[in-house]
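# A structural walkthrough
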Amino acid sequence: MALLLLDVDNFKIYNDTYGHLAGDKVLAKLGEVIRKSIRKTDSGYRYGGEEFTVILTETRGQDAGVAAERLRKRFADEIFFPVPLEPVRVTVSVGIANYRDGEEIASFVKRADQNLYEAKAKARTACTIPNKKRGRP
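Residues numbered from 1 in each chain as written. Predicted model: local features only at pLDDT ≥ 70, side-chain atom pairs only at ≥ 80, totals over all residues. Heavy atoms only, no water.

Once that is clear, we can look at the confidence of the model for the protein chain. With 89% of its residues at a pLDDT of 70 or more, the protein chain has an overall mean of 88. For residues 125-137, every residue scores under 50 in pLDDT, and the model assigns this stretch 38 contacts once sequence neighbours within four places are set aside. (pLDDT = per-residue confidence, 0-100. Contact = heavy atoms within 4.5 Å.)

Written out as structure tokens, the structure reads:
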């Protein structure tokens, strides 16, 4: 079993720039992308705030990485229009952990969370927001 933790990059900036309704559309779309990208035996959940978790059953090693990259790319391909004619792309960072036999669940989740933190620190892409300063619509 593998656990993916996904976090929307720069979500606070997006929310502050375009408002909470626009942010809600980003979260709803991420949920949709997760639902369409996982197998029937897997499950995805909103973990809190702008974080989501995906449980990949019968998945080990590199296969979890392949699934995570597929989710990351599919979401990065989505285009949002919080302001007409101003496309915005939003990205996610993903932390991955594979379950170790006999491991405490808290330890399993903590490893995924630590890997998410490292992924966010290394992220090369981020939410692309136009340079114009905007208040909430």
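A word on the environment of Ile34. Within the element layout of this structure, Ile34 appears in helix 2 (residues 20-37). Expressed as a C-alpha distance, the spacing of Ile34 and Ala68, which sit 34 residues apart in the sequence, is 9.9 Å. Not counting residues within four places of it along the chain, the set of residues in contact with Ile34 comprises Gly44, Phe52, Val54 and Leu71. (Helix = DSSP H or I, 4+ residues; strand = E, 2+ residues; numbered from the N terminus.)

The geometry of helix 1 (residues 11-18) relative to helix 2 is characterised by a closest axis approach of 7 Å and an angle of 140° between their N-to-C directions. Between helix 1 and helix 2, the crossing angle belongs to the class labelled oblique. Note on element contacts: helix 2 touches helix 1 through His20, Ala22, Gly23, Val26 and Leu27, opposite Phe11, Tyr14, Asn15 and Tyr18. A class-by-class count of the residues in the contact of helix 1 with helix 2 yields six nonpolar, three polar and no charged. (Axes fitted to C-alpha atoms, helices over the stretch in contact; angles between N-to-C directions. Parallel < 35°, antiparallel > 145°, perpendicular 65-115°, else oblique. Nonpolar A, V, L, I, M, F, W, Y, C, P; charged D, E, K, R; others polar.)

Let us look at the pattern of salt bridges. According to the stated counting rule, one finds 10 salt bridges in the structure shown. Residue Asp16 is joined to Lys12 by a salt bridge in which the shortest nitrogen-to-oxygen separation is 2.6 Å. With Asp16 and Lys12 both in helix 1 and four residues apart, this pair spans about one turn of that helix. For Asp16, a relative accessible area of 35% gives the class partly exposed. (Salt bridge = Lys/Arg side-chain N within 4 Å of Asp/Glu carboxyl O. Buried < 20%, exposed > 50% of the residue type's maximum accessible area, 1.4 Å probe, protein only.)

To continue, consider the sheet that holds strand 2 (residues 43-48). Judged by pairing direction, the sheet is antiparallel, and its four strands sit side by side in the order 2-3-1-6 without closing on themselves. Looking along the sheet, the strands with just one partner apiece sit at the ends: strand 2 and strand 6 (92-98). Strand-to-strand twist across the sheet, computed as the mean angle between neighbouring axes with direction ignored, equals 20°. Strand direction decides the pairing type here: strand 1 (residues 2-8) and strand 6, joined by seven bridges, are antiparallel. Residue pairing in the sheet places Asp7 in a bridge with Ser93 of strand 6. (Pairing = 2+ DSSP bridges.)

On the surface, a cluster of nonpolar side chains totalling about 270 Å² of accessible area is made up of Met1, Tyr99 and Ile105. Within the element layout of this structure, Ile105 appears in helix 4 (residues 105-122). (Patch = residues over 30% accessible without salt bridge, like charges linked within 9 Å, V, L, I, M, F, W, Y side chains within 5 Å. Areas by Shrake-Rupley, 256 points an atom, 1.4 Å probe, with all protein chains shown as cover.)

Relative to strand 3 (residues 51-56), strand 1 runs antiparallel, the two being bridged by six bridges. Bridge pairing links Leu6 to Phe52 in strand 3. For strand 2 and strand 3, the ladder comprises five bridges, and the chain directions are antiparallel. Directly across from Arg46, in strand 3, lies its bridge partner Phe52. The antiparallel hairpin formed by strand 2 and strand 3 contains two residues in its connecting segment, where Gly49 sits at a positive phi of about 55°.

The subject of this paragraph is the packing of aromatic side chains. Applying the stated criterion to the full structure yields three aromatic pairs. Their ring planes at 55° and their centres at 6.0 Å tell us that Phe75 and Phe80 sit as a pair that is tilted. Like Phe75, the residue Phe80 is buried in the burial classification. Where Tyr99 meets Phe108, the ring centres are 5.3 Å apart and the plane angle is 80°; that geometry is what we call edge-to-face. (Phe/Tyr/Trp six-rings, centres within 6.5 Å; stacked < 30°, edge-to-face > 60°.)

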